[in-house]
Amino acid sequence: MNATVSTAVFGGFMVLTVVLGLLAVRGRGATGGQPEGLPGKGGGGRRAGGLTEWSVGGRSLGTVFIWVLMAGESYTSFSYLGAAGWGYQFGAPVLYVLAYMSCGYALGYVVGPMLWAYARRHGLVGITDIVAHRYGRPWLGAAVALLATVCLLPYIQLQITGMGVVVSTISYGAISLNWGYFLSFAVTTAFVTVSGLRGSAWVSVLKDVLVIATLGFLAIYVPWHYFDGYGPLLHRIVAEKPQWLTFPGHESGGLGQVWFLTTTLVNSLTVVIFPTTVAGYLGARNAEALRRNSLYLPAYNVLLFVPVLLGMAALFVVPHLSGAGSDLALFKLVVDSLPAWAVGLIGVAAALSSIVPMAVFMLVIGTMWGRSVLGAIPRLRTGATGAAEGEERGAAPEGRQKLFSQLVVVVAGALALLLTYTAPDTLVRLSLISYEGMAQLVPMLLLGLVWRRLTVHAAVSGLVVGFVLVCVLVFGGHDPIRGVNAGLVGLAVNLAVALAVTWLGPRGTDERPDADVLALDEEFPRQRTRARGAAVSPPASS
């Protein structure tokens, strides 16, 4: 009976998820949408139902949708499983998540509007587009797409795994892990293929309501149910588990203060240029929505203290979890003490925390390949009748790019699902280099957009050397190296190589003006100034 009730609650919300995805794009078809009218090259006249609408929501999402969408990328299944599991296993080192996300949001206050304005001015829809345009090399966009895919696929696999664990647990074992994995893939693929980024934003609203409600409830319920309040719980942790409250934590393998600081630094730099974060930036209606979003998002991080604390509380309730089993610390408390309908509701919140980020990961991979790889292959650029009228030379029509992107979404999800079944450790090992590998794009992207002298030879040389060094350190068992995050070591060498090649190597031959190459945002500050002036000007007499 418990399995029937919790599974019914879960199933009802999964149907609602798909319905929300369909409603998000109602009236935004490729033939019926209104032109976006973006300024600049390639921006005007594209239909709202094309790739731009699907991949970045038509650049029309306001502050609320951007807030829930980008919060959705931060609150993954890790919030319910990994954060509680790290709290259970190690303790203090898990707080790096709160540190780097908060610092990343602060950097995003500057970086987000800069990338948004650059992409809008030139009609770009993703990180590979931005890199290819900045250096004038379409092949570079394709190469970055391949690198980013290697770094993003593990996240899809981890979200599939996380949701499978949640589904199996809340169904009291009635649904197997394998069926849980398939359900994760099917639901996410179904709604993101049709609705794109806008659908993810709509589902994020539902997810955030449930996340805030369920974590708020558990923050009160678990300490009082098991320990008669916060005071007894905290006193017990201090008395019996003091090593969980200080660095380097309990048996964490040396994740001390230096690791904490260097990981916070490299991850905060990486998160602002992560392809999924950039997708959120480019979906904004205006730059001001991104600035407000950067101010509001850190408040959401407070919720992450809840699973960390409850993971520590589980030490006294279910004390013998080990390895991957520690990730179930929070759900062991939930399943053992709450009625089936509540278990189902909390499971829905955790499942949506997998679906939303997984959808954005899949969408970003699809967009990168549909735009920068498949869309750039000569034979695939045009159909039987040639290129569509009004499209840029050398690029496939937007409708064709969107179709390519949707097909890649299905393929990427299916590949992650297949490897989840057949070789689960393969992508898990790749996930070790995901953030540290993506960090190597920081000089190429951010430095390149503000410093014209950075040549394509320098940017590529630094990227290759930094990424190879990270792989050697991580897979050689040297991360951290003397307490320092390997990603920061790779980034430092990356930057040094890029600067050396810039000064000593061949000079760039790009003849384009600075406005076409750099992120020189002059238009939007003037708009803000005019808006402030209008607000204080007296009304004209009739």
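Scroll up for the structure.
Residues numbered from 1 in each chain as written. Predicted model: local features only at pLDDT ≥ 70, side-chain atom pairs only at ≥ 80, totals over all residues. Heavy atoms only, no water.

Some thoughts on the overall build of the chain
Step number 1: Along its length, the chain carries 25 helices and zero strands.
Step number 2: Burial statistics for the chain: of 542 residues in total, 56% are counted as buried.
Step number 3: In the chain, of all internal contacts separated by at least 6 residues, the share reaching a separation of at least 24 is 82%.
Step number 4: For the chain, the accessible surface area stands at approximately 21700 Å², while carbon and sulfur atoms represent 66% of it. (Helix = DSSP H or I, 4+ residues; strand = E, 2+ residues; numbered from the N terminus. Buried < 20%, exposed > 50% of the residue type's maximum accessible area, 1.4 Å probe, protein only. Contact = heavy atoms within 4.5 Å. Areas by Shrake-Rupley, 256 points an atom, 1.4 Å probe, with all protein chains shown as cover.)

Focus on the side chain of Ser-252
Step number 1: Residue placement: Ser-252 occurs in the loop between helix 10 (230-240) and helix 11 (257-271).
Step number 2: Classification of Ser-252 as buried rests on a relative accessible area of 10%.
Step number 3: Here Pro-248 takes part through its backbone oxygen, which lies 2.2 Å from a polar atom of the side chain of Ser-252.
Step number 4: The contacts of Ser-252, once residues within four sequence positions are left out, are Phe-90 and Pro-93. (Polar contact = N/O pair within 3.5 Å; in protein donor to acceptor, adjacent residues only side chain to side chain.)

What about a nonpolar patch on the surface?
Step number 1: Together, Val-15, Leu-16, Val-19 and Leu-23 make up a nonpolar patch on the protein surface, roughly 300 Å² of accessible area in all.
Step number 2: Its location among the elements puts Leu-16 in helix 1 (residues 2-24). (Patch = residues over 30% accessible without salt bridge, like charges linked within 9 Å, V, L, I, M, F, W, Y side chains within 5 Å. Salt bridge = Lys/Arg side-chain N within 4 Å of Asp/Glu carboxyl O.)

Quick look at the environment of Gln-243
Step number 1: By the secondary structure assignment, Gln-243 is in the loop between helix 10 and helix 11.
Step number 2: Given the relative accessible area of 32%, Gln-243 is considered partly exposed.
Step number 3: Not counting the four nearest positions on each side in its chain, Gln-243 is found in contact with Phe-90, Gly-249 and His-250.

Focus on unusual backbone geometry
Step number 1: Here the residue pair Phe-247 and Pro-248 is connected by a cis peptide bond, since its omega of 5° sits within 30 degrees of zero.
Step number 2: Secondary-structure assignment places Pro-248 in the loop between helix 10 and helix 11.
Step number 3: Cis geometry is found at the peptide bond from Asp-479 to Pro-480, where omega equals 0°.
Step number 4: Note on placement: Pro-480 falls in the loop between helix 22 (456-475) and helix 23 (486-504).
Step number 5: The backbone of Asp-228 shows a phi angle near 65°, a positive value even though the residue is not glycine.

Some details on helix 15 (residues 329-337)
Step number 1: Of all nine residues in helix 15, seven are buried; the element is thus mostly enclosed.
Step number 2: The complete set of buried residues in helix 15 reads Ala-329, Leu-330, Phe-331, Leu-333, Val-334, Val-335 and Ser-337.
Step number 3: Packed against the buried residues of helix 15 are helix 4 (77-80), helix 5 (82-89), helix 8 (138-170), helix 9 (177-227), helix 14 (305-317) and helix 16 (340-373).

Description of the packing of helix 14 against helix 15
Step number 1: For the pair helix 14 and helix 15, interaxial distance at closest approach is 8 Å and the crossing angle is 70°. One element, helix 14, and the other, helix 15, form an angle in the roughly perpendicular class. For the pair helix 14 and helix 15, the crossing hand works out as left-handed. Counted together, Pro-307, Leu-310, Ala-314 and Val-317 of helix 14 and Ala-329, Leu-330 and Leu-333 of helix 15 form the full contact between these two elements.
Step number 2: Split into classes, the residues belonging to the contact of helix 14 with helix 15 amount to seven nonpolar, no polar and no charged. (Axes fitted to C-alpha atoms, helices over the stretch in contact; angles between N-to-C directions. Parallel < 35°, antiparallel > 145°, perpendicular 65-115°, else oblique. Left-handed = near helix turned anticlockwise from the far one by under 90°. Nonpolar A, V, L, I, M, F, W, Y, C, P; charged D, E, K, R; others polar.)

Observations concerning the packing of aromatic side chains
Step number 1: Tallied over the full model, the rule gives 17 aromatic pairs.
Step number 2: Ring geometry for Tyr-96 and Trp-259: centres 5.2 Å apart, planes at 65°, overall edge-to-face. A residue pair is termed long-range when its members are at least 10 positions apart, and Tyr-96 in helix 6 (residues 96-122) and Trp-259 in helix 11 qualify at 163 residues.
Step number 3: Here Trp-259 falls in the buried class, since its relative accessible area comes to 7%. (Phe/Tyr/Trp six-rings, centres within 6.5 Å; stacked < 30°, edge-to-face > 60°.)

Focus on the side chain of Arg-371
Step number 1: Residue position: Arg-371 is located in helix 16.
Step number 2: In this structure the side chain of Arg-371 is engaged in a polar contact, spanning 2.7 Å, whose partner is the side chain of Asp-129.
Step number 3: A polar atom in the side chain of Arg-371 sits 3.0 Å from the side chain of Gln-401.

Section: helix 8
Step number 1: Between its first and last C-alpha atoms helix 8 spans 47 Å; for 33 residues at 1.5 Å apiece the expected length is 48 Å, and the two agree.
Step number 2: The sharpest bend along helix 8 measures roughly 30° and falls at Val-150, with the proline Pro-154 sitting one to four residues further on.
Step number 3: By the criterion of burial, helix 8 is predominantly enclosed, with 24 of the 33 residues buried.
Step number 4: Directly after helix 8, the chain includes Tyr-172, whose backbone phi takes a positive value near 55°. (Expected span 1.5 Å × (residues − 1). Bend = angle between axes of the 7 residues up to and from the residue.)

Concerning the nonpolar core
Step number 1: Formed by 156 residues in total, the largest nonpolar core has its most connected members in Tyr-80, Ile-156, Tyr-281, Leu-441 and Met-444.
Step number 2: If one sorts the elements of this core by residue count, helix 16 sits on top with 20 residues.
Step number 3: Once residues lying within four places of it in the same chain are set aside, the contact partners of Ile-156 are Met-358, Phe-361, Met-362, Ile-365 and Ala-416. (Core = buried A, V, L, I, M, F, W, Y, C linked by side-chain atoms within 4.5 Å.)

A look at the state of the cysteines
Step number 1: For the coordinates displayed, the defined rule picks out zero disulfides.
Step number 2: Cys-151 takes part in no disulfide bond, and the closest cysteine sulfur to it belongs to Cys-471, at a distance of 8.2 Å.
Step number 3: Its relative accessible area of 0% is what places Cys-151 among the buried residues. (Disulfide = S-S within 2.5 Å.)

Side note on the pattern of salt bridges
Step number 1: Throughout the structure, instances matching the rule amount to six salt bridges.
Step number 2: The salt bridge partner of Asp-129 is Arg-371, with a shortest N-O separation of 2.7 Å. Within this pair, whereas Asp-129 is found in helix 7 (residues 127-135), its partner Arg-371 is found in helix 16, the two being separated by 242 residues in sequence. Neither residue differs from the other here; Asp-129 and Arg-371 are each classed as buried.

Section: the environment of Phe-361
Step number 1: Among the secondary structure elements, Phe-361 is positioned in helix 16.
Step number 2: As a C-alpha pair, Phe-361 and Tyr-155 span 206 residues in sequence and 7.5 Å in three-dimensional space.
Step number 3: Ignoring any residue separated from it by four or fewer positions in sequence, one finds Phe-361 in contact with Leu-152, Tyr-155, Ile-156, Gln-159, Phe-274 and Thr-276.

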